[in-house]
Amino acid sequence: MFSKSEASKKNDLLDKAKAAREERAFMRQKEVAIIKIQALVRGFLSRRRFTKSLLDDVDKLLDYHGDDGKSAGNTINSQLYPAVDAFHAIKRFLYVYQEGRDIQRFELLCRYILKSMESQKEAKVWYVSLALNKDLVLPWLQQLKDILTICCKKLKVLKPDSPTDVKLVTLYLHMIVTFTDTATWNLLKMPGAEALTASMKQLCANIMGHLNAMGLYSMLQSLLVQGLARKKPGFTHTTLSAVFTMALRPLVASNFSCNLLLMFVSHILTAPALIQHLSSIAPEYVTSLKNHRILERCLTFLSDHQNKTAVLKIIEPNSALCLLGNLAQLSHLEPEILSANVSKFCNSVNTLLGHCCPASDDGKKKKCNAAQWHPILGWFNYSIDPRYHDCMSYVVQQLALLWNQVILNAVFISTLKTLQPDDKPQSSNDKDNTGSKGSNFLRRLQRSTAKLGSQRSGKSLSSSDVLAVCRVCEMYQMSLATLSELRRDILTGLSYRDILLPRLWRFIAELGSHGGLKVFLEYLNAGVESQPIFSVLVLFCDVAGYLIAIVDDVEFYENQVPFHSEDLIGVTSFLNSFVFKMIWDRPNEIQACRIGEGKLKYKDLFNSTHNLLMLLYDRDCRRPFGGTTNHWLVKDVKLSSLRGELEKGSKRSHLILQLIPHVIPHKERVVLFRRKVQEEKRSLGLTESALFSPHSTLISVHRSRLVEDGYQQLASLSANTLKGLIRVKFINEQGLDEAGIDQDGVFKEFLEETISTVFNPSLNLFKTTSEQRLYPSSTSFITENHLHLFEFVGKMLGKAVYEGIVVEVPFASFFLSQMLDRQNNQLYSPIDELPSLDAELYKNLTYVKHYEGDISDLDLVFSYDEDIMGKVVTHELVPGGRAFGVTNENKIKYIHLMAHFRMCAQIREQTKAFKRGFLSIVNHEWLSWFSGPELQRLISGDNAALDLSDLRKHTQYYGGFHNSHRVINWLFDVLSNDFTAQERALFLKFVTSCSKPPLLGFAHLEPPFSIRCVEVSDDQDTGDTVGSVLRGFLRIQKREPVGRLPTSSTCFNLLKLPNYQKKSTLKEKLRYAITSNTGFELS
């Protein structure tokens, strides 16, 4: 139809038409854009001219000449214009107000308005006079609200501690204070203006209502936190007064409505240490708080569940702490109000503490990976405003008032009315004789504790006083759990304030008609979680445990702090029975408590009562306060049933052994210990039977190298091998093997000789105290491989205990405690056992503790000088201690560090090595059944007098002697009637090498005690023959053995006794032999 040329022309035509259309469309878009740009520019220029014209009006009013709004000063025009003109100028200004541009203008505007309010000239210039203009009153009121709203917004971001912001803060606060109260309005000072007062006050209330709705309290809170959450408060008297005025004004105007009280409590009283800073900066406002009964209103408000929930939704944990601190200080200032509202106060404190440390349903703290450190709460699992850290020292001071004497008296002591009749005010003569405040306290404490528990008033658990005490105890118990970093301060306050402990003990002892123990046991069976009475017992135990751990022996035994000696028996008996009952009746729950599970309240109850019980028991073991040990036994349980439980290995008997072994008689525990040893030997295949002979280890030791040879051959053996049979071959001075039989006797001799040698202070492994008690030497390092030697010595002593061989090795009590790991107890105090090491140092440290002057006068430092081989070596108790002086503030720390260094740190490595060896032989769990003194008895035998009837009953005779033999009768008659107790002990040591009898009696002495009739000297003795036995039995001898002395073989517990013809001869020779301290070589 068309040729190629025609088609090409058509396409060109179409392209040109399309390009023309696109060009026309572009031109139209361009024209539209030009019109929009022109309109925008014209609008901008028009608005700028309009804005400038509006600003010119206010600039004229303010005499402001700055072009950019930032160049003018803060001075205002001295000329004041009529309020109507000012209103219109301000209206126009607010219409075009911009935050960044008009900072200076707004500042000058506020200054102008305040100046107009203060003017003493014509009333028409007063800005507030527009309130009388019925046509302008509503627009003016809205204008004023807008201005004050801008002031609030600016205050929210200003810093009152900044030099550049402080003037603005004062200015804007002045604006808000001025227009929320009519007190400064000159308008109402005119004659006849009284009729306007009501309407003007209503106007102020309207303004305050608007500000409240716009976040007045939020602004005030921000301002308070900015100024108070710092190391030094950033408020002046004027600024803080203005802030608090505005905080209190709406509350008072609303007659303390719930809504505004909620805002006041959650926004104002949560400011850090507000009441404390008010007291120092603006004390007149503290008086205002008292006059308005703010404390009582707040406690009543917080006692309502709905109000409480609303507050907790608003505040975070730090704010809760600050609120608690402010409430505590208000309570401290008004103890009368507090006394009348104890229940509300306790509920409020518990609520806030619970909010500080939220817990899960099982009572445990929630855990998360992002824990933070809090100076009061410890490790904390929630976000913390870092601003609060700088002011926490003030909050701590406020919280400390919770356990101050004023609050304790208000919430606690007044309820516990247990003062004795002899607690009368001191006479002037008494005061003159009182040495110090401390001694006066001790006298009052001693009088108050005397005869405690002797009366029974039968207090009902449903009485108001009892319930009040329970609530207060719950509060302090929760404080201890939540304020973990203040725990020691809380316990110190509760311990030393107005003898609280004796009163609490009397309260506990007098509960119910049959005494407190029965009441607590009954409620224990009913369930711990729902019984508030247990909080009293827990708090009592926590406080008593803390105090008893820090008082020294003079205070505890002589001054009888915190309890009279009679009451200590009552407390220990109560706790003993109660803890035993908890374990006996609920072993599963106790087991759960031990592994960190179980119900929180039950765990707290058990831990608190058990800790105090064991603390008292350890103290009684060290120095008895009860006369006898019978009060440590549980009388309600038959020994037979307890023994049966132990034999069956029941869970509760196992827990008894682990937790309170002292309730089981000592003899029973020793029997159990020996049984455990035998069971272990059987399990290891170390017991000989008719079908099996256990493996034995043979060692050869030279008499002159006893320790060296024993160490070389035994130190490398495994613990199980050492528990087995060890046979010893002695090599004499000539290098020849000694003839002898080993029925454990030769090994016993080796063991006794080895122990005697290594514990000799001349070897410098051990030293002796002034009482000749042994402990590791701090200078043992001069001996090669001294730590390996200590481990070897520990193994040898452990072997002796394991085999029941008693050895006379008297240890210092502090070292026995370390062997039992008692020093790892959180309540262990090294100063308590220091007398067992160095009585002189203990005396000096006690002097330092009670020194009433300036301790720095003594020029003490945190270091200890030790003389090591003529060279003085200084040990620093803390880094840089030699230059760190002891003061009254740190002297307690110095005392404990010094005691800890001398008893623990100085010999730490030696003790660890010794224990490592000892515990490799003797199971640590078995040792935990014994106290320090009991462990000493396990090592060295019983402290009881020698029981001759028991000895005679279990004596074996050889060489013709028998139980009815004349010489044997003479022997026991001499021992019984002619020898003193000391001589009888020497006799026992002469035969067995130990002056103390076996713990379980001579039936358990290995080898058995034996007496053999001898006719010749030891070097001629070939043992028993038929002739010698017959001659001994028939009382026939070759010749009168007048010159013969008794001898012994201690390795066999064997007494070699000549067949004397006279009783006097036997007495004389035996006395000479035992006092000569010799054995084999004596003839």
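Residues numbered from 1 in each chain as written. Predicted model: local features only at pLDDT ≥ 70, side-chain atom pairs only at ≥ 80, totals over all residues. Heavy atoms only, no water.

**Overview of the sheet that holds strand 11 (residues 1047-1049)**
And step 1. Taken in spatial order, the 4 strands make up an open sheet running 9-10-12-11, and their pairing is mixed. Unpaired on one side and paired on the other, strand 9 (956-958) and strand 11 mark the two borders of the sheet. Strand-to-strand twist across the sheet, computed as the mean angle between neighbouring axes with direction ignored, equals 25°.
And step 2. Where strand 10 (residues 1010-1014) meets strand 12 (residues 1054-1058), 5 bridges bridge the pair, whose relative direction is parallel. Paired with C1013 across the strands is L1057, a residue of strand 12.
And step 3. Along the sheet face, helix 45 (residues 966-978) touches strand 9, strand 10 and strand 12 and points at about 115° away from the line of strand 12. (Pairing = 2+ DSSP bridges. Helix = DSSP H or I, 4+ residues; strand = E, 2+ residues; numbered from the N terminus. Axes fitted to C-alpha atoms, helices over the stretch in contact; angles between N-to-C directions. Contact = heavy atoms within 4.5 Å.)

**Details of the packing of helix 27 (residues 565-585) against helix 29 (residues 600-622)**
And step 1. For the pair helix 27 and helix 29, the least separation of the axes is 9 Å and the interaxial angle reads 135°. Judged by the inter-axis angle, helix 27 sits oblique to helix 29. The element helix 27 and its partner helix 29 pack so that their crossing is left-handed. Contacts from L568, V571, T572, L575, N576, F578, V579, M582 and I583 of helix 27 reach helix 29 at Y602, L605, F606, T609, H610, L612, L613 and L616.
And step 2. Of the residues assigned to the contact of helix 27 with helix 29, the class counts are 13 nonpolar, 4 polar and no charged. (Parallel < 35°, antiparallel > 145°, perpendicular 65-115°, else oblique. Left-handed = near helix turned anticlockwise from the far one by under 90°. Nonpolar A, V, L, I, M, F, W, Y, C, P; charged D, E, K, R; others polar.)

**Some points on a negative patch on the surface**
And step 1. A contiguous patch of negative charge on the surface is contributed by D854, D857, D859 and E889.
And step 2. Structurally, the position occupied by D859 is in the loop between helix 39 (839-849) and strand 7 (863-868).
And step 3. Overall, D859 belongs to the exposed group, its relative accessible area being 66%. (Patch = residues over 30% accessible without salt bridge, like charges linked within 9 Å, V, L, I, M, F, W, Y side chains within 5 Å. Areas by Shrake-Rupley, 256 points an atom, 1.4 Å probe, with all protein chains shown as cover. Salt bridge = Lys/Arg side-chain N within 4 Å of Asp/Glu carboxyl O. Lys, Arg positive; Asp, Glu negative; His and termini not counted. Charge placed at Lys NZ, Arg CZ, Asp CG, Glu CD. Buried < 20%, exposed > 50% of the residue type's maximum accessible area, 1.4 Å probe, protein only.)

**Structural notes on helix 36 (residues 786-803)**
And step 1. Over its 18 residues, helix 36 extends 26 Å from the first C-alpha to the last, a length consistent with the 26 Å expected when each residue adds 1.5 Å.
And step 2. Of all 18 residues in helix 36, 14 are buried, a share of seventy percent or more.
And step 3. Positive backbone phi, at 80°, marks G804, one or two positions downstream of helix 36. (Expected span 1.5 Å × (residues − 1).)

**A short note on the environment of K290**
And step 1. For K290, the location among the structural elements is in helix 11 (residues 284-291).
And step 2. Using a relative accessible area of 34% as the deciding quantity, one classes K290 as partly exposed.
And step 3. Between the C-alpha atom of K290 and that of E334, which follows or precedes it by 44 residues, the distance is 7.7 Å.
And step 4. Not counting the four nearest positions on each side in its chain, K290 is found in contact with L333 and E334.

**Some points on the pattern of salt bridges**
And step 1. If you walk through the whole model with that rule in mind, you get 34 salt bridges.
And step 2. Across the pair E680 and K723 runs a salt bridge whose closest N-O atoms are separated by 3.2 Å. In this pair, E680 is assigned in helix 32 (residues 666-683) and K723 in helix 34 (residues 719-723), connecting sequence segments 43 residues apart.
And step 3. Judged by its relative accessible area of 8%, K723 falls in the buried class.

**Observations regarding the packing of helix 32 against helix 36**
And step 1. Running from N to C, helix 32 and helix 36 point in directions that differ by 100°, and their axes come no closer than 9 Å. Relative to helix 36, helix 32 is oriented roughly perpendicular. Note on element contacts: helix 36 touches helix 32 through V801, Y802 and E803, opposite F673, R674, V677, E680 and K681.
And step 2. Split into classes, the residues belonging to the contact of helix 32 with helix 36 amount to 4 nonpolar, no polar and 4 charged.

**Remarks on the nonpolar core**
And step 1. The biggest cluster of nonpolar side chains holds 298 residues, and the ones touching the most others in it are F264, F412, Y476, F759 and F811.
And step 2. The biggest single contributor to this core is helix 25 (residues 533-550), with 14 residues.
And step 3. Within the second largest apolar cluster, 29 residues are counted, among which are F987, C1013, L1055 and L1070. (Core = buried A, V, L, I, M, F, W, Y, C linked by side-chain atoms within 4.5 Å.)

**Regarding a positive patch on the surface**
And step 1. Where like charges cluster on the molecular surface, the positive patch consists of K18, R21, R24 and R28.
And step 2. One can find R28 in helix 1 (residues 4-62).

**A short note on the pairing of strand 8 (residues 871-876)**
A regular strand carries its side chains on alternate faces of the sheet.
And step 1. Sheet topology places strand 7 next to strand 8; 6 bridges connect them, and they run antiparallel. In the sheet register, S863 faces strand 8, and the bridge partner there is E876.

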